[in-house]
Amino acid sequence: MVTSSGELDFTSTGTGISSSHGNMATEFHNLQELRHSASLANKVFIQRDYTDGTVCKFQTKFPSELDSRIERTLFEDTVKTLNNYYAEAEKIGGQSYLEGCLACLTVYLIFLCIETRYEKVLKKISRYIQEQNEKVYAPRGLLITDPIERGMRVIEISVYEDRGSSGSSSGSSTTSSSGR
Amino acid sequence: MHLGVEEPIRECQYNQICTHNSSPMDTPHTKKKKIKRKWQVFPGRNKFYCNGRIMMAKQTGVFYLTMVLILVTSGLFFAFDCPFLASNLTPAIPAIGGVLFVFVMGMLLRASFSDPGVLPRATPEEAADIERQIDATNGPSGPGYRPPPRTREVVINGQTVKLKYCFTCKIFRPPRASHCSLCDNCVERFDHHCPWVGNCVGRRNYRFFYLFILSLSFLTIFIFAFVITHVILNALWKPLALNTVADFEAVQKISIFLNNCTVLEVVVCFFSVWSIVGLSGFHTYLISSNQTTNEDIKGSWSSKRGKGNYNPYSYGNFITNCCAALCGPLPPSLIDRRGFVQPDTPQPAAQTNGTSACPSNQVQSHMAATNPLLHSQPVILGGGAPLQAKTSLGGPCSTLGPSQPSLPSSIPGLSCGGELMALRDSEIHCHHHLHHQHFISPEETPSPPAALPCATHLGHHVHPAQLFDPASQDSLHEDSVRGLVKLSSV
């Protein structure tokens, strides 16, 4: 699938991500293989947790649909890290005051030159999600969508059908290699 | 298998019907030119300018009036009063006036042109998921009965807050969000819709709005004060400057003209001062207690509602509240106006596009929940499939056109089940244009997984849930059409 290689930056390396967990993970060498050889079975949505107010925070409750796909601790770690990132972005403290005052003095024109702290943290978040997808989720046939693409309402986890479960794992790798 | 032989023929037929209505998708290259940006397919009633950089409400007449008033009054002040004041009093006056004016205009434009914090509408899968959760809590509703209003309760800092479900946007509104009926959007931390600014005032532009009215009140008072000063000084000094008759006449003409200007300025400023200073004071109170206009008007946190009623969002003291509102971090826009539309991404308004393939039980519950008329139909996919095939293909066919809802948006369940069939229908088309679209829109990284079920379904020939009886398809088809028509009138 040459055409799709231009679309995703991180798949150009094509490093093998083999998992050590038996039937929980299938061998997907990179994320584009995952998408093209697996079929989307379901989407799980992690909703926002509003108990702390309007700050961006996601529920860490483990959804039942992922029970057989990923370990609880890994999932919770991911969500907690994301929550921490968002808390850092929305933190009201010395740095945000400084930024706010400076921006006010320059009639907010300074944001044409520099990016806000929130935007910087969002970039960190998307890098983190990308990394998590590559290392943890894709080998298990899952894919996390960055919440910013869903209006910060949900963390969308796409569950791909485990082709290896219907046949042998070698069967899945042949389909994935033929799909390349 | 018998079914396997029949299906390809039907698929071809459906393909032809679809392409008849929409733009011909002969070559993927025609799509390349028709790539749209997201603002062009935005479902709300906003107007966009400068290729999506500027976002305003639909009615902007009053905004232009605001601009004219400010520009004309300030212009007259700088042109006619400032020379006198600068030479006779101090040149700091026009300087300060200039700074104030620039600040006012900057804040006004920023408040008017920026995204107030619009929440994007739910994708079809999200909407389906929420519907499923609601039905799990409420229980399935009977046919022809509108389900009760959907709310969720959440406890924030000890205060119970009700989250309402927005039927237009298909989301549970976050706390403090509200749906603006003028702009037809849900806006985060919705304050009010300001016609003077020509936009909603919400989380992202509240500080600009506040600084605008604050600086405008200073500017208005400033101009008012110095125009009065000018008039008084003029009246005092005029008789002393005249020596000849010619001088007197010239000065008289000028002074009449200046008097008219002055009168205009005084009148505008006088009325503005009361309203704008009043508004600034009101918003200062709101900021210090961390409330929105919406909440204040409704009395959400007033003690009159109950003894234990307090504002859970307030930080306690008014300084922190002010700092948080004005100097807090500026969240980014969630709607990504200038991004490119992924042609295979499900648009919130046209929900029949490539959505996730749900297992059959889920589909049944979706369809039961969202389409009461189909509730009694035993066969799931047969009924929904043919219609879905037509409309789903309408999605990929007119991929880059605006996402017009061909079906009412409250039936994601149908799309869920139906697209299994539909995606196989569009097998041939999808395979080709999907790859080309990846080329076209490299900015979207990574493209949403929902974009790819088309391709992923290619190798997916026989699925247990897809076995259906083609004989009963037609009768179910009619029922589903009736059902959909009924829903579309809701």
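Calculation criteria
- Residues numbered from 1 in each chain as written.
- Chains lettered and ligands numbered in written order.
- Predicted model: local features only at pLDDT ≥ 70, side-chain atom pairs only at ≥ 80, totals over all residues.
- Heavy atoms only, no water.
- UniProt positions renumbered as here; feature names shortened; annotations may be inferred.
- Core = buried A, V, L, I, M, F, W, Y, C linked by side-chain atoms within 4.5 Å.
- Buried < 20%, exposed > 50% of the residue type's maximum accessible area, 1.4 Å probe, protein only.
- Helix = DSSP H or I, 4+ residues; strand = E, 2+ residues; numbered from the N terminus.
- Contact = heavy atoms within 4.5 Å.
- Pairing = 2+ DSSP bridges.
- Axes fitted to C-alpha atoms, helices over the stretch in contact; angles between N-to-C directions.
- Parallel < 35°, antiparallel > 145°, perpendicular 65-115°, else oblique.
- Nonpolar A, V, L, I, M, F, W, Y, C, P; charged D, E, K, R; others polar.
- Left-handed = near helix turned anticlockwise from the far one by under 90°.
- pLDDT = per-residue confidence, 0-100.
- Salt bridge = Lys/Arg side-chain N within 4 Å of Asp/Glu carboxyl O.
- Polar contact = N/O pair within 3.5 Å; in protein donor to acceptor, adjacent residues only side chain to side chain.

Where an unreviewed UniProt entry is consulted, chain B appears under the name Palmitoyltransferase, with the organism given as Cirrhinus molitorella. According to UniProt, the comment filed for chain B under the heading Subcellular location (unreviewed entry) is "Membrane". Note on chain B: under the UniProt heading Catalytic activity (unreviewed entry), the record states "L-cysteinyl-[protein] + hexadecanoyl-CoA = S-hexadecanoyl-L-cysteinyl-[protein] + CoA".

As annotated in an unreviewed UniProt entry, chain A is Golgin subfamily A member 7/ERF4 domain-containing protein from Cirrhinus molitorella. As its UniProt record puts it under Sequence similarities (unreviewed entry), chain A is described as follows: "Belongs to the ERF4 family."

With that settled, consider the nonpolar core. Among the nonpolar cores identified, the biggest contains 47 residues, and Ile70, Phe77, Met107 and Phe212 of chain B are the most heavily contacted of them. Ranked by residues supplied to this core, first place goes to helix H6 (residues 206-241) of chain B with 13 residues. Contact partners of Met107 of chain B, with chain neighbours within four places excluded, come to Val107 and Tyr108 of chain A together with Phe208, Leu211 and Phe212 of chain B.

This part is about unusual backbone geometry. Phi angles above zero are rare outside glycine, and Tyr108 of chain A is one such case at about 60 degrees. Within the element layout of this structure, Tyr108 of chain A appears in the loop between helix H3 (94-105) and helix H4 (117-137).

This brings us to the sheet that holds strand S6 (residues 171-172) of chain B. Picture the strands of a sheet paired through backbone hydrogen bonds; they go either parallel or antiparallel. Residues and elements named next belong to chain B. In space, the three strands of this open sheet follow the order S4-S5-S6, with antiparallel pairing throughout. The sheet is open, and its two edges are formed by strand S4 (151-156) and S6, each paired on a single side. Taken together, the six bridges between S4 and strand S5 (residues 159-166) define a ladder with antiparallel strand orientation. Opposite Glu153, over in S5, you have Lys162 as the bridge partner.

Residues and elements named next belong to chain B. The interhelical angle for the contact between helix H3 (residues 61-88) and helix H4 (residues 92-113), taken along N-to-C directions, is 170 degrees, at an axis separation of 10 Å. What the angle tells us is that H3 and H4 run roughly antiparallel. On H4, the residues touching Phe63, Thr66, Met67, Ile70, Leu71, Ser74, Phe77, Phe78, Cys82, Leu85 and Ala86 of H3 are Ile93, Pro94, Gly97, Gly98, Phe101, Val104, Met105, Leu108, Leu109, Ser112 and Phe113. Considering only residue class, the contact of H3 with H4 consists of 17 nonpolar, five polar and no charged.

A separate point is the sheet that holds strand S3 (residues 154-160) of chain A. All names here are of chain A. Across the sheet, which stays open at both edges, the three strands sit in the order S1-S3-S2 with antiparallel pairing between neighbours. Strand pairing shows two members of the sheet lacking a second neighbour, strand S1 (40-47) and strand S2 (142-145), which therefore form its edges. On average, each strand axis in the sheet is tilted by 20 degrees relative to the strand beside it, whichever way the strands run. Examined bridge by bridge, S1 and S3 share seven bridges and lie antiparallel to one another. The residue of S3 that forms the bridge with Lys43 is Ser158.

Time to look at the packing of H3 of chain A against helix H9 (residues 318-327) of chain B. Here H3 of chain A crosses H9 of chain B at 60 degrees, and the two axes come no closer than 9 Å. Considered as vectors, H3 of chain A and H9 of chain B are oriented oblique to each other. By crossing handedness, the relation of H3 of chain A to H9 of chain B is classed as left-handed. Across from Ser96, Tyr97, Gly100 and Cys101 of chain A in H3 of chain A, the residues of H9 of chain B making contact are Thr320, Cys323 and Cys327 of chain B. The residue inventory of the contact of H3 of chain A with H9 of chain B, partitioned by class, reads four nonpolar, three polar and no charged.

All names here are of chain B. Averaged over chain B, the pLDDT score is 70; the fraction of residues at 70 or greater is 58%. The low-confidence segment residues 483-490 (pLDDT under 50) makes 16 contacts with residues lying over four places distant or belonging to another chain. Scoring the predicted complex yields pTM 0.66 and, for the interface, ipTM 0.73.

Another point: the pattern of salt bridges. In total, this model carries 16 salt bridges over all chains according to the counting rule given. Asp184 of chain B is the partner of Arg121 of chain B in a salt bridge, and the nearest nitrogen-oxygen pair spans 3.2 Å. With a gap of 63 residues between them, Arg121 of chain B in the loop between strand S3 (118-119) and helix H5 (124-138) and Asp184 of chain B in the loop between strand S7 (178-180) and strand S8 (185-187) connect regions that are remote in the sequence. Here Glu295 of chain B makes a salt bridge to Arg176 of chain B, at a shortest N to O gap of 3.0 Å. In this pair, Glu295 of chain B sits in helix H8 (residues 293-298) while Arg176 of chain B sits in the loop between S6 and S7, placing the two residues 119 residues apart along the sequence. What makes Arg176 of chain B buried here is its relative accessible area of 10%. What you see here is one network of salt bridges that share partners, running through Lys43, Arg150 and Glu156 of chain A together with Glu125 of chain B.

The next subject is the environment of Ser333 of chain B. Residues and elements named next belong to chain B. Within the element layout of this structure, Ser333 appears in the loop between H9 and helix H10 (360-370). Distance in space between the C-alpha atoms of Ser333 and Asp115 is 6.4 Å, their sequence separation being 218 residues. Not counting chain neighbours up to four residues away, the residues in contact with Ser333 comprise Asp115 and Arg204. Here Asp115 takes part through its side chain, which lies 2.5 Å from a polar atom of the side chain of Ser333. For Ser333, the side chain forms a polar contact with the main-chain nitrogen of Ile335, separated by 3.5 Å.

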